[in-house]
Amino acid sequence: MPGSSAPAAIQTAQFLRSIDGFLERGRRRYGDVFSARILGFATGRIVFLADPEHVEQVFKTGPSVARAGDAARRSVEPVAGVSSLLSLDGPRHLDHRRILLPRFHGDRLELYTGVMREEVDAAVAAWPIDEPFAMREAMADLTLEVIMRAVFGLRHGRRYDEVRAALVAMMENDLAFNLALMVPVLRREIGPWKAWGDFQRVRAQAYSLLRTEIEERRAAPDLEQRTDILSMLIQGRAKDGTGLSDDELLDELMTLLVAGHETTATALAWTFELLHRHPAVKHQLVAELATGDEAYLGAVIDEVLRLRPVVPFVARVLHEPLQIGPHVLEPGVTVAPCVHLVHRREDIYPDPEAFRPERFLDTRPSTYEWIPFGGGTRRCLGASFAPLEMKVVIRRVLETARLEPASPEPERIRRRTVFFVPEHGARTIRRAAVT
Ligand code: HEM
């Protein structure tokens, strides 16, 4: 198998310094299939794939051979528990997916555009004028509100504020917390190192508040009329007729939060960062939105998710050998369809580094050539919800705020846990008048 022979510690350091550089170098040197040793990530022996045919093969492989839950479990369980969709595999994963997926599909998502619009308007009204702010953080505040209302179904009031405070505190101390996720030995309090204990305390508080909310919701007389996702999950049933227990519901709520909040916020931050640097695209977008046509907006979102995929690769742990091209990958290897590299293929996307939404106007790439939401039975549950939210937010922000980049230099990709984020959070200045 082609791949670096450098010691695992060195490869890990290179990977953590710059995932995009690491992946691009790997593909340049070794081709579309290459191996790497990355300590602390899944099984540590990773094979990255950059050819859509190989990606298709992995996405079509069932959980008896390739398991996503195994790859995610170690970092997901401390946050979202043992019943998280992200860390389940096999029949239980499918049972949970069967209950969750229909809530995220089709026309019913339109129910949430009102909440999204209200929240974006409130957020924009609070942004400072003539002072730089980090768009990624502003968007994270906004996507948290949307999840609390549309997904958790919380209504403004005391519990809403308490839940938000606990969730914000939980996600705040992320540097120390993420270190502990990578290095399990740090999952305890050691002298002045309190990050893990602090995290456990605020997480327990969030769970306790949400548990009370679930108990009350189960008994709510208007449960059947309520349109939020939690209320529908409470009523959902697996094939054998069983529903989710309170513990399972809690874990899935936390899963939807951790999977849906930062990802969407980051994709929105990249959108504004790219629009800052491409005024012609921004002008065309504003003009098209004024006509009521959203085709170009859709193309902008597709292109943002191609050029700046928030999740640079997805992962499956092999339990049986899998032949990829001429290579036989052994059980224990983590196979990683690489979003970042597939999206940069010159043969699919001519001039791949250029931000050109037009490329998505006339032609659609095939299912395995545009993969920001992964694929197969693990495809992102928010793959319709997130672009819908992005549409509402981008439109309202462009209609109501005059924005400029805070610095003349485009922001590069920085790693934050395993996400690709703008290095300074897409720093932006809002000016007083509407364009
Ligand atoms: C632009 C925003 C988003 C991006 C780029 C994104 C990306 C992804 C990716 C790459 C995966 C892994 C897929 C795989 O392994 O094949 C995933 C899984 C998942 N995402 Fe998203 N996501 C986004 C927003 C959301 C939202 C808004 C939600 C829900 C509110 C969500 C819920 C989930 C869940 C539950 C999974 C696990 C699915 C499973 O394992 O069966 N995501 N997402």
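A quick note: this is a predicted structure, and the numbers were derived from the prediction, not measured.

1. Observations regarding the coordination of the iron atom of the ligand
And step 1. What the protein offers the iron atom of the ligand as a donor is a single atom, Cys380 (SG), at 2.2 Å.
And step 2. For cysteine 380, the position within the fold is in the loop between α16 (359-362) and α17 (385-400).

2. As for the site of the ligand
And step 1. The environment of the ligand is made up of 25 residues, and the closest members are His93, Arg97, Arg316, Arg378 and Cys380.
And step 2. Histidine 93 has a polar side-chain atom sitting 2.7 Å from an oxygen atom of the ligand.
And step 3. Within the side chain of arginine 316, one N or O atom sits 2.7 Å away from an oxygen atom of the ligand.
And step 4. Breaking the shell around the ligand down by element, the ones donating at least two residues are α5 (90-100), α12 (246-277) and α17.
And step 5. At six residues, the largest contribution of residues to the shell around the ligand is made by α12.
And step 6. A class-by-class count of the residues in the shell around the ligand yields 14 nonpolar, eight polar and three charged.

3. As for the sheet that holds strand β12 (residues 427-431)
And step 1. Spatially, the three strands line up as an open sheet ordered β4-β12-β9, and their pairing is antiparallel. Looking along the sheet, the strands with just one partner apiece sit at the ends: β4 (132-134) and β9 (402-405). The sheet shows a mean angle of 40 degrees between the axes of neighbouring strands, taken without regard to direction.
And step 2. Of the strand pairs in this sheet, β4 and β12 are connected by three bridges, and their pairing is antiparallel. In the strand pairing of β12, alanine 134 is matched with arginine 427.

4. Observations regarding the environment of alanine 206
And step 1. Mapped onto the elements of the fold, alanine 206 is located in helix α10 (residues 195-219).
And step 2. For alanine 206, a relative accessible area of 0% translates into the label buried.
And step 3. Each C-alpha atom, one on alanine 206 and one on histidine 278, is 41 Å from the other, the two residues being 72 residues apart in sequence.
And step 4. Here alanine 206 is in contact with Ala166, Leu167, Met170 and Met254, once residues within four sequence places are set aside.

5. Thoughts on the layout of surface pockets
And step 1. Of the volumes computed, that of the second largest pocket is approximately 590 Å³.
And step 2. Arg136, Glu137, Ala138, Ala140 and Asp141 are the residues nearest the centre of the second largest pocket, which is lined by 28 residues in total.
And step 3. Those elements giving two or more residues to the lining of the second largest pocket turn out to be α6 (113-126), β4, α7 (135-151), α8 (158-172), α12 and β10 (413-416).
And step 4. Counting residues per element, the lining of the second largest pocket draws most heavily on α7, at eight residues.

6. Comments concerning the nonpolar core
And step 1. Core analysis: the biggest nonpolar cluster contains 118 residues, and Phe48, Trp127, Met139, Phe152, Leu167 and Phe272 have the highest contact counts within it.
And step 2. Considering every element that reaches this core, the biggest residue donor is α12, with 14 residues.
And step 3. In this structure methionine 139 touches Trp127, Ala265, Leu268, Ala269, Phe272, Val393 and Val397, once residues within four positions along its chain are discounted.
And step 4. With 12 residues, the next largest nonpolar core counts Val47, Leu49, Leu329 and Val335 among its residues.

7. Concerning the packing of aromatic side chains
The geometry of an aromatic ring pair is captured by the separation of the ring centres together with the interplanar angle, meaning the angle of the planes.
And step 1. The final tally for this structure, using the stated rule, is 14 aromatic pairs.
And step 2. Seen in terms of ring centroids, phenylalanine 48 and phenylalanine 313 are 5.2 Å apart; in terms of plane orientation they differ by 80 degrees. Their pairing is edge-to-face. Of this pair, phenylalanine 48 sits in strand β2 (residues 45-49) while phenylalanine 313 sits in the loop between α14 (295-307) and β5 (316-318), placing them 265 residues apart in sequence.
And step 3. Since its relative accessible area comes to 6%, phenylalanine 313 is described here as buried.
And step 4. Note that arginine 306 overlies the ring of tyrosine 349, its terminal NZ or CZ placed 5.0 Å from the centroid.
And step 5. One residue, arginine 364, lies across the ring of tryptophan 370, its end atom 5.3 Å from the ring centre.

8. Points about the pattern of salt bridges
And step 1. A complete count under the given rule lists 41 salt bridges for this structure.
And step 2. With a shortest N-O distance of 3.7 Å, arginine 412 and glutamate 423 are connected by a salt bridge. One end of the pair, arginine 412, is in the loop between β9 and β10; the other, glutamate 423, is in the loop between β11 (419-422) and β12, and 11 residues separate them in sequence.
And step 3. A network of salt bridges, in which partner residues are shared, links Arg159, Glu213, Glu216, Arg217, Arg226 and Asp228.

9. A short note on the state of the cysteines
And step 1. What the rule picks out here adds up to zero disulfides.
And step 2. Not part of a disulfide, cysteine 338 finds its nearest cysteine sulfur in cysteine 380, a span of 17 Å.
And step 3. A relative accessible area of 32% places cysteine 380 in the partly exposed class.

10. Overview of helix α13 (residues 279-290)
And step 1. End to end, α13 covers 16 Å across 12 residues, agreeing with the expected 16 Å (1.5 Å per residue, within 8%).
And step 2. By the burial criterion, the buried members of α13 are Val281, Leu285 and Leu289. Within α13, the buried residues cover an arc of 65 degrees as seen down the axis, which keeps them to one side. In this structure, α13 carries Ala280, His283 and Ala290 as exposed residues pointing more than 90 degrees from its buried face.
And step 3. Lining the buried residues of α13 we find α12, α14 and α17.
And step 4. Glycine 292 occupies a position one or two residues after α13 and carries a positive phi of about 90 degrees.

11. Focus: the pairing of β12
And step 1. In this structure, β9 lies alongside β12, joined through four bridges in antiparallel fashion. In the sheet register, glutamate 404 faces β12, and the bridge partner there is isoleucine 429.

12. Some points on the sheet that holds β5
And step 1. Pairing within the open sheet is mixed, and its five strands lie in the order β1-β2-β8-β5-β3. At either margin of the open sheet sits one strand with a lone partner, and together these are β1 (33-37) and β3 (66-67).
And step 2. Of the strand pairs in this sheet, β2 and strand β8 (residues 334-337) are connected by four bridges, and their pairing is parallel. Note on β8: the bridge partner recorded for valine 47 is valine 335.

Rules behind the numbers
- Residues numbered from 1 in each chain as written.
- Predicted model: local features only at pLDDT ≥ 70, side-chain atom pairs only at ≥ 80, totals over all residues.
- Heavy atoms only, no water.
- Donors = N, O, S within 2.8 Å, 3.2 Å for Na, K, Ca; no water.
- Helix = DSSP H or I, 4+ residues; strand = E, 2+ residues; numbered from the N terminus.
- Near = heavy atom within 4 Å.
- Polar contact = N/O pair within 3.5 Å; in protein donor to acceptor, adjacent residues only side chain to side chain.
- Nonpolar A, V, L, I, M, F, W, Y, C, P; charged D, E, K, R; others polar.
- Pairing = 2+ DSSP bridges.
- Axes fitted to C-alpha atoms, helices over the stretch in contact; angles between N-to-C directions.
- Buried < 20%, exposed > 50% of the residue type's maximum accessible area, 1.4 Å probe, protein only.
- Contact = heavy atoms within 4.5 Å.
- 1 Å grid on protein atoms, 1.4 Å probe; cavity = no way out; pocket = protein on both sides within 12 Å on 5 of 7 lines; lining within 4 Å.
- Points joined across faces, edges and corners; volume = space filled by probe spheres on them.
- Core = buried A, V, L, I, M, F, W, Y, C linked by side-chain atoms within 4.5 Å.
- Phe/Tyr/Trp six-rings, centres within 6.5 Å; stacked < 30°, edge-to-face > 60°.
- Lys NZ or Arg CZ within 6 Å of the ring centre and 35° of its normal.
- Salt bridge = Lys/Arg side-chain N within 4 Å of Asp/Glu carboxyl O.
- Disulfide = S-S within 2.5 Å.
- Expected span 1.5 Å × (residues − 1).
- Arc of directions from axis to C-beta.

Read these as geometric descriptors, not functional statements.
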